[in-house]
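Given next are the chains, with one letter for each unit.
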Amino acid sequence: MNIELPDLSLVCLVGASGAGKSTFAQRHFRPTEVLSSDAFRGWVADDEADQSATADAFAALFHLAGVRLGRGRLTVIDATHARRADREKAIVLAREHHAVPVAIALAPPVEVCLQRHADRQDREFAARVIRDQSRTVERSLKHLRKEGFRRTWVLREPEQIDAATVERVP
Ligand code: GTP
Ligand code: MG
């Protein structure tokens, strides 16, 4: 699948932990284009896993995303975006800056996320959290368009996620 992105997009990656969002972001975007909620937790709290820092981290992330969009820079938000309220904020921000709100959802089978989680040392939460996220994401997928994302892509199988290409279009 070739993902065509307008030059001034605000891209929301959507997917449970372990779906491969950060890997996808690293593969297809410049490091400076990607704003990750984990990195922002790190910046505001010196601990990427500090959930008490989430509100401050997102405030800082959205501020920087707004500054970038104001300067005409494509921006990617690397966060779970499982809940509608989280996606809504990004859509509002994109509209404020006349950017195109885009969703790229990575929705591999939950077993894939769970297996990757088991192989990782940097995530301490319970498997149940991933099951919940995965279910919430799955239920969200069919609503993305009517929530306001102008373009949406849903990638399901790991092979399909691996094979995806990203292209900028004017
Ligand atoms: P969170 O940041 O926890 O929300 O997860 P994420 O969606 O950003 O997943 P991430 O990209 O960090 O990938 C999770 C783990 O799966 C990492 O250890 C990756 O190396 C691995 N992984 C990601 N994509 C692939 C893939 O396409 N193939 C394989 N084999 N492993 C992958
Ligand atoms: Mg990640």
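Quantities reported herein were computed from a predicted structural model and do not represent experimental measurements.

A. Expanded view of the pairing of strand β5 (residues 100-106). Where burial is concerned, most of β5 is hidden: seven out of the seven residues are buried. Because side chains alternate across β5, one face comprises the buried residues Val100, Val102, Ile104 and Leu106, and the other comprises Pro101, Ala103 and Ala105, equally buried. Both strand β2 (residues 9-14) and β5 contribute to a ladder of six bridges, which runs parallel. If you follow leucine 10 over to β5, its bridge partner there is proline 101.

B. Region of interest: the site of ligand 1. Among the 13 residues in the neighbourhood of ligand 1, the closest are listed as Ser17, Lys21, Ser22, Thr23 and Arg123. Taking aspartate 162, its side chain carries an N or O atom lying 3.3 Å from an oxygen atom of ligand 1. Relative to its unbound accessible surface of 640 Å², ligand 1 loses 69% to contact with the protein. Counted by class, the shell around ligand 1 contains two nonpolar, five polar and six charged residues.

C. Spotlight on the nonpolar core. Grouped together as the largest cluster of nonpolar side chains are 25 residues, with contacts concentrated most on Leu10 and Ile77. Secondary structure elements with two or more residues in this core: β2, α3 (54-70), α4 (84-96) and β5. The dominant element in this core, judged by the number of residues it contributes, is α3, at five residues. Isoleucine 77 has contacts with Leu10, Val11, Cys12, Leu13, Leu35, Leu61, Phe62 and Ala90, leaving out every residue within four places of it along the chain. Ranked by size, the runner-up nonpolar core spans 24 residues in total, among them Leu13, Ala25, Phe29 and Val34.

D. Seen up close, the packing of α3 against α4. One can describe the packing of α3 onto α4 by two numbers: an axis separation of 10 Å at closest approach and a directional angle of 30 degrees. The angle between the axes of α3 and α4 places the two elements in the roughly parallel class. In the crossing of α3 with α4, the sense of the turn from one axis to the other is right-handed. Contact residues: α3 offers Phe62, Ala65, Gly66 and Leu69, while α4 offers Lys89, Ala90, Leu93 and Ala94. In terms of residue class, the contact of α3 with α4 is built from six nonpolar, one polar and one charged.

Analysis parameters
- Residues numbered from 1 in each chain as written.
- Chains lettered and ligands numbered in written order.
- Predicted model: local features only at pLDDT ≥ 70, side-chain atom pairs only at ≥ 80, totals over all residues.
- Heavy atoms only, no water.
- Buried < 20%, exposed > 50% of the residue type's maximum accessible area, 1.4 Å probe, protein only.
- Helix = DSSP H or I, 4+ residues; strand = E, 2+ residues; numbered from the N terminus.
- Pairing = 2+ DSSP bridges.
- Near = heavy atom within 4 Å.
- Polar contact = N/O pair within 3.5 Å; in protein donor to acceptor, adjacent residues only side chain to side chain.
- Areas by Shrake-Rupley, 256 points an atom, 1.4 Å probe, with all protein chains shown as cover.
- Nonpolar A, V, L, I, M, F, W, Y, C, P; charged D, E, K, R; others polar.
- Core = buried A, V, L, I, M, F, W, Y, C linked by side-chain atoms within 4.5 Å.
- Contact = heavy atoms within 4.5 Å.
- Axes fitted to C-alpha atoms, helices over the stretch in contact; angles between N-to-C directions.
- Parallel < 35°, antiparallel > 145°, perpendicular 65-115°, else oblique.
- Left-handed = near helix turned anticlockwise from the far one by under 90°.

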